[in-house]
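# Survey of secondary and tertiary structure
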Amino acid sequence: MTASIAIIGAGIAGLSAANALHNADCAVHLFEKSRGSGGRMSSKRSDAGALDLGAQYFTARDRRFVDEVQQWQANGWAAEWSPHLYNHKNGQLTPSPDEQIRWVGQPRMSAITRGLLGDLPVNFSCRITDLIRGEKHWLLQDADESTYGPFSHVIVATPAPQATALLATTPKLASAAAGVKMDPTWAVALAFDTALDTPMQGCFVQGSPLDWLARNRSKPGRDDTPDTWVLHATSAWSKEHIDLPKEAVIEHLHGAFAELIHCTMPAPVFTLAHRWLYARPSSAHEFGALADADLGLYACGDWCLSGRVEGAWLSGQEAARRLIEHLS
Ligand code: FAD
Ligand code: NAI
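None of the values given here were measured: they were computed from a predicted structure.

### Overview of the sheet that holds strand S12 (residues 147-151)
One open sheet accounts for 3 strands, arranged S10-S11-S12; its pairing is antiparallel. Looking at the sheet topology across the chains shown, the edges are occupied by strand S10 (128-133) and S12. Taking the axes of each pair of neighbouring strands and ignoring which way they run, one obtains an average angle of 20° across the sheet. Judged from the 3 bridges that link them, strand S11 (residues 138-142) and S12 form a sheet pairing that is antiparallel. Within the sheet, the bridge partner assigned to Leu 140 lies in S12 and is Tyr 148.

Take a look at the structure:
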């Protein structure tokens, strides 16, 4: 097949599409505004080691994704995580075990997207600002006004608010993306020199500014020390405190953590806050992927399906499937 395809965004959706197209002998080239791959599945290097501040784990329910995750496991990129799970509700912290299989990247979440990227060509630190339609091809322009191309097809694999502007040449796609609102999440990491005296390794939280807690060292392949926890605020709290300075966010969420955990909490030796502006779609959508096949323009991402890692991967597969279908 002779197609040259630009993919904007090297998160799991963009990389899912890239691999499917590469396997169908199409030439792909990725453009990513960050310095590395992964997007919301990336991990941040810090003085407390690598931290998964975005996706914490993922589940696989669709048969195709189950098969894919087994391949990731065979490659050594992913492993099962079976934490001692708790639930916090009405001021009560109770164990909440279940049978769900949960997966994480190993030794950090970003191992999966790094593995999927492999040797595929990519431009990092390259924020695409415009798609320019020629007679039969596309050119991409970045924030420094450099242009790339020509490409026969473009797949936009960014969160919906960032996709809207890039899809402007096709009002039908742009307005579908514009209709998807995405909510923020404040994430905080706290590291303790002395391990907290609790068997808890993950916790779903209700009735608090917090939504979720995870103990980093309980995930496979992570270092033991220090004892680092990742806390996620609820969408509501994050929206309400969207412009709060990071120090104040850390103080609030540290306070909420101390209130719910029933053990002595020493002062953390390391703290960090990260704001995810477009963390999750506010409501569910079933687009699969968006396509204007005649123009060769496609969009995919978690917002086209379930708002989870699985949905993002499936959406990338769907964009690739529709593109390949139109080529043949
Ligand atoms: P992204 O990962 O956002 O990838 C898009 C990429 O596009 C990014 O790398 C971005 O930098 C790049 N980009 C954007 N604009 C441009 C541009 N103009 N030019 C170039 N590049 C651009 N899911 C689960 O299944 N389980 C969980 O436990 C879970 N927890 C989560 C917790 C948090 C705090 C967050 C934020 C998300 C969580 N998710 C979870 C959701 C999961 O992370 C996402 O569904 C999935 O990673 C989305 O992948 P994506 O490829 O669609 O988008
Ligand atoms: P899952 O099946 O583990 O969890 C789905 C939901 O079920 C949880 O949010 C929780 O409310 C409930 N739940 C599951 N197991 C539980 C248990 N043992 N005890 C108490 N409650 C339990 O995973 P799935 O369906 O893959 O969902 C992914 C997770 O990612 C969800 O928790 C979701 O909230 C989270 N997520 C967070 C985002 C953010 O921005 N913070 C964005 C996208 C997903």
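### Remarks on the site of ligand 2
The environment of ligand 2 is made up of 14 residues, and the closest members are Tyr 57, Thr 59, Arg 61, Ser 96 and Thr 185. Interatomic distance of 2.7 Å between a side-chain N/O atom of Thr 185 and an oxygen atom of ligand 2. Within the complex, 68% of the 780 Å² of free accessible area of ligand 2 lies under protein. Contributing elements (two or more residues each) for the shell around ligand 2: strand S6 (85-89) and strand S18 (270-281).

### Here we look at the packing of helix H1 (residues 12-23) against helix H3 (residues 110-117)
Contact pair H1 / H3: the axes reach a minimum separation of 9 Å and the direction vectors enclose 30°. It follows from the interaxial angle that H1 and H3 lie roughly parallel. Two packed elements cross with a definite hand, and for H1 against H3 that hand is left-handed. The residues of H3 that touch H1, namely those facing Ile 12, Leu 15 and Asn 19, are Ile 112, Thr 113, Leu 116 and Leu 117.

### Some words on the site of ligand 1
Taken together, 36 residues surround ligand 1, and among them Ala 13, Glu 32, Arg 40, Tyr 57 and Asp 302 come closest. Ile 12 is positioned such that a nitrogen or oxygen atom in its backbone is 3.2 Å from an oxygen atom of ligand 1. Relative to its free-state accessible area of 1,000 Å², ligand 1 is covered by the protein chains to the extent of 92%. Mapped onto the shell around ligand 1, the elements with two or more residues apiece are H1, S18 and helix H8 (309-327). Taken together, the residues of the shell around ligand 1 sort by class into 17 nonpolar, 13 polar and 6 charged.

### Here we look at the UniProt feature "binding site: FAD" (unreviewed entry) in the protein chain
Taken from the UniProt record, the annotation "binding site: FAD" (unreviewed entry) applies to Ala 13, Glu 32, Lys 33, Arg 40, Gln 56, Tyr 57, Ile 128, Asp 302 and Val 309. Over a stretch of 297 residues, the named residues are scattered through the fold, their C-alpha atoms separated by up to 29.1 Å. Within the element layout of this structure, Ala 13 appears in helix H1. Leaving out residues up to four positions away in the same chain, Ala 13 has contacts with Ala 157, Cys 300, Gly 301, Ala 312 and Gly 316. Relative to the helices and strands, Ile 128 is located in strand S10. For Ile 128, a relative accessible area of 7% puts it in the buried group. Excluding residues that lie within four positions of it along the chain, Ile 128 makes contacts with Ile 8, Phe 31, Leu 140, Gln 141, Asp 142, Tyr 148 and Leu 166.

### Some remarks on the nonpolar core
Counting residues in each nonpolar core, the largest one holds 48 residues, and the members touching the most others are Ile 5, Ile 7, Leu 21, Phe 58, Trp 72, Ile 112 and Ile 155. Secondary-structure elements contributing two or more residues to this core are strand S1 (4-8), H1, strand S2 (27-31), helix H2 (63-74), strand S8 (103-105), H3, strand S16 (210-215) and H8. The contact partners of Ile 7, leaving out residues within four places of it in the chain, are Gly 14, Ala 17, Ala 18, Leu 21, Val 28, His 29, Leu 30, Phe 31, Ile 155 and Ala 157. If you look at the next biggest cluster of nonpolar residues, it comprises 27 residues, including Phe 31, Tyr 148, Ala 163 and Met 182.

### Details of the environment of Arg 45
The topology assignment puts Arg 45 in strand S3 (residues 44-46). According to the relative accessible area criterion, Arg 45 is exposed, its value standing at 60%. With 63 residues separating them in the primary sequence, Arg 45 and Arg 108 have C-alpha atoms 10.0 Å apart. Residue contacts for Arg 45: discarding those within four places in its chain leaves Ala 50, Arg 108 and Arg 114.

Conventions adopted
Residues numbered from 1 in each chain as written. Chains lettered and ligands numbered in written order. Predicted model: local features only at pLDDT ≥ 70, side-chain atom pairs only at ≥ 80, totals over all residues. Heavy atoms only, no water. Pairing = 2+ DSSP bridges. Helix = DSSP H or I, 4+ residues; strand = E, 2+ residues; numbered from the N terminus. Axes fitted to C-alpha atoms, helices over the stretch in contact; angles between N-to-C directions. Near = heavy atom within 4 Å. Polar contact = N/O pair within 3.5 Å; in protein donor to acceptor, adjacent residues only side chain to side chain. Areas by Shrake-Rupley, 256 points an atom, 1.4 Å probe, with all protein chains shown as cover. Parallel < 35°, antiparallel > 145°, perpendicular 65-115°, else oblique. Left-handed = near helix turned anticlockwise from the far one by under 90°. Contact = heavy atoms within 4.5 Å. Nonpolar A, V, L, I, M, F, W, Y, C, P; charged D, E, K, R; others polar. UniProt positions renumbered as here; feature names shortened; annotations may be inferred. Buried < 20%, exposed > 50% of the residue type's maximum accessible area, 1.4 Å probe, protein only. Core = buried A, V, L, I, M, F, W, Y, C linked by side-chain atoms within 4.5 Å.

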